[in-house]
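Structural overview
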Amino acid sequence: MMPQPPSAGESRRETGLASPQPAGERWRHVFSLFRDYWTSKDWKFAWAVTVLLIIFQFATGYLFVLMNRWQQDFFDEVENGDIEAFWQLLTAFILILSLQMFFVVVEPYARRMLCLRWRIHLTRTYFERWLARNRYAEIERLRMIDNPDQRIADDIRYVTDPSGGLLTIVFSFLSAVVLAYSSITILLETAAALKFTLFGWNIVIPGSTVWYAVIYVLISSGVMVLLGKPYIRAMMRLQHREADFRSNLVHVRRNAPQIGLANAVGAERASLSTALQNIYLTARTQIRTLIGLNAANGLYDRLGSIIPLFILVPRYFAGAITFGQVMGGRDAFQALVPQLGFFVHLYPLVAEQISYINRLKALDDAIDNARPVGITVQTDAPAGVAISAEELEIHRPHGDPLVLVGEWQVRDGERWVIRGPSGAGKSTLLRALAGLWPDGSGRVALADRSTVMFVPQRLYLPLGTLKAALCFPDAPEEHEDAAIVALLETANLPHLAEDMHALRMWSEELSPGEQQRIALARILLQKPSLLILDEATSALDPANTQDFYDLLQANLPGVTLVSVVHDERLHRFHDHALIIEDGHASAGPLEEDEA
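This structure is a prediction, so every number in the text was calculated from the model and none was measured.

Conventions and cut-offs
Residues numbered from 1 in each chain as written. Predicted model: local features only at pLDDT ≥ 70, side-chain atom pairs only at ≥ 80, totals over all residues. Heavy atoms only, no water. Phe/Tyr/Trp six-rings, centres within 6.5 Å; stacked < 30°, edge-to-face > 60°. Helix = DSSP H or I, 4+ residues; strand = E, 2+ residues; numbered from the N terminus. Buried < 20%, exposed > 50% of the residue type's maximum accessible area, 1.4 Å probe, protein only. Expected span 1.5 Å × (residues − 1). Core = buried A, V, L, I, M, F, W, Y, C linked by side-chain atoms within 4.5 Å. Contact = heavy atoms within 4.5 Å. Salt bridge = Lys/Arg side-chain N within 4 Å of Asp/Glu carboxyl O. Axes fitted to C-alpha atoms, helices over the stretch in contact; angles between N-to-C directions. Parallel < 35°, antiparallel > 145°, perpendicular 65-115°, else oblique. Left-handed = near helix turned anticlockwise from the far one by under 90°. Nonpolar A, V, L, I, M, F, W, Y, C, P; charged D, E, K, R; others polar. pLDDT = per-residue confidence, 0-100. Patch = residues over 30% accessible without salt bridge, like charges linked within 9 Å, V, L, I, M, F, W, Y side chains within 5 Å. Areas by Shrake-Rupley, 256 points an atom, 1.4 Å probe, with all protein chains shown as cover. Pairing = 2+ DSSP bridges. Right-handed = clockwise from strand over helix to strand, strands pointing away.

1. A word on the packing of aromatic side chains
Evaluated as defined, the whole model comprises 12 aromatic pairs. Ring geometry for Trp38 and Trp118: centres 5.5 Å apart, planes at 75°, overall edge-to-face. Within this pair, whereas Trp38 is found in helix H2 (residues 23–38), its partner Trp118 is found in helix H4 (residues 83–131), the two being separated by 80 residues in sequence. Each member of the pair, Trp38 as well as Trp118, is classed as buried.

2. Brief notes about helix H17 (residues 512–526)
For H17, which comprises 15 residues, the first-to-last C-alpha distance of 21 Å matches the rise-based estimate of 21 Å (1.5 Å per residue) to within 8%. In terms of burial, H17 is a largely internal element, 13 of the 15 residues being buried. Positive phi appears at Lys527, one or two residues downstream of H17, with a value of about 50°.

3. Section: the nonpolar core
Residues Trp38, Leu114, Trp118, Tyr126, Leu166 and Leu167 are the most contacted members of the largest nonpolar core, which totals 47 residues. Looking at this core, the elements with two or more residues in it are H2, helix H3 (43–80), H4, helix H6 (148–159), helix H7 (166–190), helix H8 (208–254), helix H10 (265–317) and helix H12 (342–368). Beyond its immediate sequence surroundings of up to four residues, Tyr126 is in contact with His29, Leu33, Ile152, Ile156, Leu360, Leu363, Asp364 and Ile367. By size, the runner-up hydrophobic cluster in this structure holds 42 residues, among which are Leu470, Leu487, Leu520 and Ile523.

4. Notes on the side chain of Glu268
On the secondary structure map, Glu268 appears in helix H10. Residue contacts for Glu268: discarding those within four places in its chain leaves His251, Val252 and Ile259.

5. Quick word on the pattern of salt bridges
In total, this model carries 17 salt bridges according to the counting rule given. Note that Asp146 and Arg151 form a salt bridge whose closest N and O atoms lie 2.8 Å from each other. Across this residue pair, the class does not change: Asp146 and Arg151 are buried. Lys467 is the partner of Asp481 in a salt bridge, and the nearest nitrogen-oxygen pair spans 2.7 Å. Within this pair, whereas Asp481 is found in helix H15 (residues 481–490), its partner Lys467 is found in helix H14 (residues 466–471), the two being separated by 14 residues in sequence.

6. Side note on the packing of H15 against H17
Direction vectors running N to C along H15 and H17 enclose 130°, while the axes themselves pass 9 Å from each other. As judged from the angle between their axes, H15 and H17 are oblique. As for the relative orientation of H15 and H17, their crossing is right-handed in sense. Each of Ile484, Leu487, Leu488 and Thr490 in H15 lies in contact with H17, whose residues at this interface are Ile518, Ala521, Leu524 and Leu525. Classifying every residue of the contact of H15 with H17 by side-chain character gives 7 nonpolar, 1 polar and no charged.

7. Some words on the packing of H2 against H4
At their nearest, the axes of H2 and H4 sit 9 Å apart, and the two run at 105° to each other. Put simply, H2 runs roughly perpendicular to H4. From H2, His29, Leu33, Phe34, Asp36, Tyr37 and Trp38 reach across to H4, where they touch Leu114, Arg117, Trp118, His121, Leu122, Thr125 and Tyr126.

8. Some points on the environment of Leu488
Tracing the backbone through its elements, the reader meets Leu488 in helix H15. For the pair Leu488 and Leu520, spaced 32 residues apart in sequence, the C-alpha to C-alpha distance is 9.3 Å.

9. As for unusual backbone geometry
The step from Phe472 to Pro473 runs through a cis peptide bond, and the omega angle for that step is 10°. Position of Pro473 among the secondary structure elements: in the loop between H14 and H15. Even without being a glycine, Arg133 presents a positive backbone phi close to 55°. Mapped onto the fold, Arg133 is located in the loop between H4 and helix H5 (135–142). Positive phi, close to 60°, is recorded for Asn492, a residue that is not glycine. Mapping Asn492 onto the fold places it in the loop between H15 and strand E10 (503–504).

10. Concerning the confidence of the model for the protein
The predicted coordinates ought not to be read in detail in places where the model reports low pLDDT. The predicted model of the protein averages 83 in pLDDT, with 86% of residues at 70 or higher. Counted against residues more than four places away or in other chains, residues 1–8, with its pLDDT under 50, gives 20 contacts.

11. Remarks on a nonpolar patch on the surface
On the surface, a cluster of nonpolar side chains totalling about 420 Å² of accessible area is made up of Ile83, Trp87, Leu90 and Ile94. Looking at where Ile94 falls in the secondary structure, it is placed in helix H4.

12. Some words on the environment of Arg135
Within the secondary structure layout, Arg135 lies in helix H5. You can call Arg135 buried: its relative accessible area is 3%. Separated by 231 residues in the primary sequence, Arg135 and Ala366 have C-alpha atoms spaced 8.2 Å apart.

13. Brief notes about the environment of Leu238
Structurally, Leu238 can be placed in helix H8. With residues up to four places along the chain from it excluded, the contact list for Leu238 reads Ile279, Thr282, Ala283 and Gln286.

14. Digging into the pairing of strand E11 (residues 530–534)
Taken across its 5 residues, E11 has 5 buried, putting it largely inside the fold. The alternating pattern of E11 places Leu530, Ile532 and Asp534 and Leu531 and Leu533 on opposite faces, both of which are buried. Here strand E8 (residues 452–455) pairs with E11 via 4 bridges, running parallel. Opposite Met453, over in E11, you have Leu531 as the bridge partner. On the question of chirality, the crossover connecting E11 to the parallel strand E12 (residues 560–564) by way of helix H18 (residues 542–555) is right-handed.

The structure is reproduced here in structure tokens:
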């Protein structure tokens, strides 16, 4: 099972264990999602389509009034038996229907295109912010939130969904206001006035049907709010569980060989079963919270269709209104109640959007909430110096000291080996040099960044062709195929030459040893002046390990080398050592008997 984020902050809010952030902050966040796109480079398209959609909402309201008037006249003429007026009304119906069909076709297209471009913009903005300033690494290292990838890929897609996203809710609200106004205008023509006495005063309020609709909607809205709160919490927990299950499946796919060799299928099956059971239990809770919402919605719809008849039919029997007005008033009431009850009908959808927005708010907070940097890394090392550390002390994420380095200087052309027991902080020190571990204090100065190359134990292989992976960070077009073939042969990988242009998941297809030999080829291609290796030969056999360092010496004789190694046979390729023991680092020349 995937490890859970710390039980604090946004993680607790998402699972309903802590109070949500103040409403003002959440509303500002929602506004920022709109503002970010409507003030972007695509603002002309965004505002043009927005204005067009607003016009459509008002036009729809106008057509509703026209159709209602047509319906009243139609029923009256049918009741009167006027065949000539019948054919005139049929012609008018065709014209109104043509306009309605135009809006039915054009409005969804415009709305979907606007939502699509909004989604692309938001997604690009979020992943660029996530990748900037090493936030992606910091969020994972500190486990600030779970599954930021799912939030960027899925939650933004749901928020910008043209069928039920934020924009749809906004325009549905505008449409509700327009149609409510149109319906009230029609009902005022057929509704009797409310008359009652209060403190001796005779009160007359026009439009009794309108007020009955308002009272009906207010009561229904209050019920929906009470029933909807558990649904919001259940939705947030369900999204959390779904993301965990996907992460478990990805874990199995990425570690398939290791799982098979360790005979760990049973353990992974149990982990997946637990994650799936969590989905079942949470989804069952969510389904139960829907029972009340569905019952309230069903009762709300059914009562809304019968109440206007009980109100209007007595006036028809009394001769105050015509049968056409009864039917028009009924339709206007049925149209008014959903608009006044906009919140009631869309509450499940609004609840889902709140859960998505809360998850995006948590991602925003994690990206923006950068902790103070204790270790500063700059590229201003003095001439002749490749690495300079001053008062460098590395801490664990929660503040406990890990290793005190103090003053340490690596001059150009020196070859350093970093030694120490497992867990002493060797790899963490290299991360601090790369600016990926800010916890601690002190200052690091490196040579010009463009000449520095960090090679971790597990090589980064970008998606794409094998040639692109080997040439990284250069574009593959910058190097001839013949040069790449020669490098593959040098790294003892000639069998991969014919597949250098194949698009595959090379990080999963290549063995750890092959990946480390790809790293060697990349080093020989890039020829860095400062090379920092973090157990870069741990998966190689002794012969290939020997070849690795021999090739470095032969092809990069002047390189400045810093290596983390456990194999003492590799010490002879270095002339200085940084030894980490008991939380302290000591530096000096490597003795001849150690080399």
